[in-house]
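Chain and residue survey
The lines below spell out each chain.
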Amino acid sequence: MQYNQFLSCIQSNIQASVGADTKVSLHRTLKNNNHYLDGLTILPPGETIAPTMYLNAYYQDFLDGMPLAHIVRTILELYERFPRRQITGPEQFLDFEKACSHIAYRLIHFDSNRPFLTQCPHIPKLDLAITFFLLIDSSPDGEMTITVTQEHMNAWGISKQLLYETAARNTPLLYPCCCLSLEQMISELRSKEQDGSGCQVRSPRAKDSLLPMYVLTNQRRINGAACILYDHVLQDFSRSAGGDFFILPSSIHETILIPCRESMPTDALNDMVKEINTIEVSPLDRLSDHVYRYSAQTEEISIC
């Protein structure tokens, strides 16, 4: 079965399961690093917004032998677990007063997202871009978000500076940061993998584990690289580390902090990041191939 046939088959099977009154639709969405994902939404009558479940990975499961009926059941179970409480429709977020407490930011790679960045307000940061989204709802199975586009900016009538200030105030509250040793993070992810709720760890290989490494992310473990933008986070780590440190862009979800040592070659760190990105990190999750350095003296980040 070809991919497009698979998508149509999933849609028709889901539609048959939920009934004709419920709208089941497919749509393609531009995601991080110029990658497109095919999403399916199930919208019951009387509701204005529904979670999107992306089907790309399910096709690989199908090719690997998973029965179509099992995939359909999995999607329906995921849909049923989503909270059924009333969620405000997207048109309500064209009112800035209603939207402002939901605005947050994330970090993505600038050059790899040029088509996406033409559609939405953003702020360049080194070789990265700060972009903005609305956190509509969240559950243990995922989040419902809406990208802030130029349409929102036109409706709100606000400046990009006010947008950033709003996100800078909200994001640390919505996504509190945490800094763990690499060993603590690996132990946590192994525990989650055992109960089936974990995600892939994106970390340097064992041969590099003699370096003192710390993982900076947020408590949700989603878009945690943005924690390097939080007030005082890098300054506090610098004081505890005793000076400058390197920032390795492990993925859009976390960065790795390494206190500087005179014998530490930056070329080797850059090569390590490139290797990890190529071998271990999904193209959708890649942040950058460049290592950064935080200066305790200037309190600024630069590209190594």
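For the structure given in this document, a descriptive report is provided here. Just so it is clear, the structure is predicted and the values come from calculations on it, not from any experiment. (Residues numbered from 1 in each chain as written. Predicted model: local features only at pLDDT ≥ 70, side-chain atom pairs only at ≥ 80, totals over all residues. Heavy atoms only, no water.)

A full pass over the atoms with the stated rule returns 11 aromatic pairs. With a centroid separation of 5.1 Å and 55 degrees between ring planes, the pair formed by F6 and Y59 is classed as tilted. One end of the pair, F6, is in helix α1 (residues 3-18); the other, Y59, is in helix α2 (residues 56-63), with 53 residues separating them in the sequence. Just as F6 is buried, Y59 falls in that class too. Between Y59 and F62, the aromatic rings sit 6.4 Å apart at their centres with planes inclined by 25 degrees, giving stacked as the arrangement. Of this pair, Y59 and F62 both sit in helix α2, 3 residues apart, which is roughly one turn of the helix. Site record: aromatic cluster; members linked through ring pairs are Y3, F6, Y59 and F62. When the ring centre of F133 is taken as origin, the NZ or CZ atom of R106, which lies over that ring, is 4.1 Å away. Residue placement shows R220 over the ring face of Y175; its charged tip is 4.9 Å from the ring centre. (Phe/Tyr/Trp six-rings, centres within 6.5 Å; stacked < 30°, edge-to-face > 60°. Helix = DSSP H or I, 4+ residues; strand = E, 2+ residues; numbered from the N terminus. Buried < 20%, exposed > 50% of the residue type's maximum accessible area, 1.4 Å probe, protein only. Lys NZ or Arg CZ within 6 Å of the ring centre and 35° of its normal.)

A few words now on the packing of α1 against helix α3 (residues 68-81). Packing of α1 against α3 leaves a shortest axis separation of 10 Å and a crossing angle of 60 degrees. In terms of axis orientation, α1 runs oblique to α3. When the axes of α1 and α3 are compared, the crossing they make is right-handed. On α3, the residues touching F6, C9, I10, N13, I14, S17 and V18 of α1 are L68, I71, V72, I75 and L76. Residue composition of the contact of α1 with α3, by class: 10 nonpolar, 2 polar and no charged. (Axes fitted to C-alpha atoms, helices over the stretch in contact; angles between N-to-C directions. Parallel < 35°, antiparallel > 145°, perpendicular 65-115°, else oblique. Left-handed = near helix turned anticlockwise from the far one by under 90°. Contact = heavy atoms within 4.5 Å. Nonpolar A, V, L, I, M, F, W, Y, C, P; charged D, E, K, R; others polar.)

Under the criterion given, the structure shown has 5 salt bridges. Between R28 and D38 there is a salt bridge; the shortest N-O distance is 3.1 Å. Taken as a pair, R28 in strand β1 (residues 23-30) and D38 in strand β2 (residues 36-43) lie far apart in primary sequence, 10 residues in all. (Salt bridge = Lys/Arg side-chain N within 4 Å of Asp/Glu carboxyl O.)

One can find S250 in strand β10 (residues 245-251). Side chain to side chain, S250 and E254 meet in a polar contact 3.2 Å long. (Polar contact = N/O pair within 3.5 Å; in protein donor to acceptor, adjacent residues only side chain to side chain.)

Looking at the element boundaries, T171 is found in helix α7 (residues 160-174). Here Y105 takes part through its backbone nitrogen, which lies 3.1 Å from a polar atom of the side chain of T171. Apart from the residues lying within four places of it in its own chain, the contact partners of T171 are A104, Y105, P176 and Y230.

For the rest of this paragraph, the subject is the sheet that holds β2. The pairing of strands in a sheet comes from backbone hydrogen bonds and takes either a parallel or an antiparallel form. As summarised here, the arrangement of the 3 strands in space is β1-β2-β3, forming an open sheet in which the pairing is antiparallel. Two strands in the sheet have a free side with no partner beyond their single neighbour: β1 and β3 (52-54). The sheet shows a mean angle of 35 degrees between the axes of neighbouring strands, taken without regard to direction. For β1 and β2, the ladder comprises 8 bridges, and the chain directions are antiparallel. Bridging from a neighbouring strand, L26 pairs with L40 of β2. (Pairing = 2+ DSSP bridges.)

Attention now moves to the nonpolar core. Note on soluble globular proteins: their nonpolar side chains tend to be buried together. Counting 43 residues, the largest nonpolar core has Y105, L134, W156, L163, I228, L234 and I247 as the members making the most contacts within it. Top contributing element to this core by residue count: strand β6 (residues 128-139), with 7 residues. Within the second largest apolar cluster, 19 residues are counted, among which are I10, I14, I75 and Y79. (Core = buried A, V, L, I, M, F, W, Y, C linked by side-chain atoms within 4.5 Å.)

This next bit is on the pairing of β2. Burial of β2 is extensive: 6 of the 8 residues sit out of reach of the surface. Linking β1 back to β2 in an antiparallel pair, the connection comprises 5 residues, with N33 at a positive phi of about 60 degrees. With 3 bridges connecting them, β2 and β3 associate as antiparallel partners. Directly across from G39, in β3, lies its bridge partner Y54.

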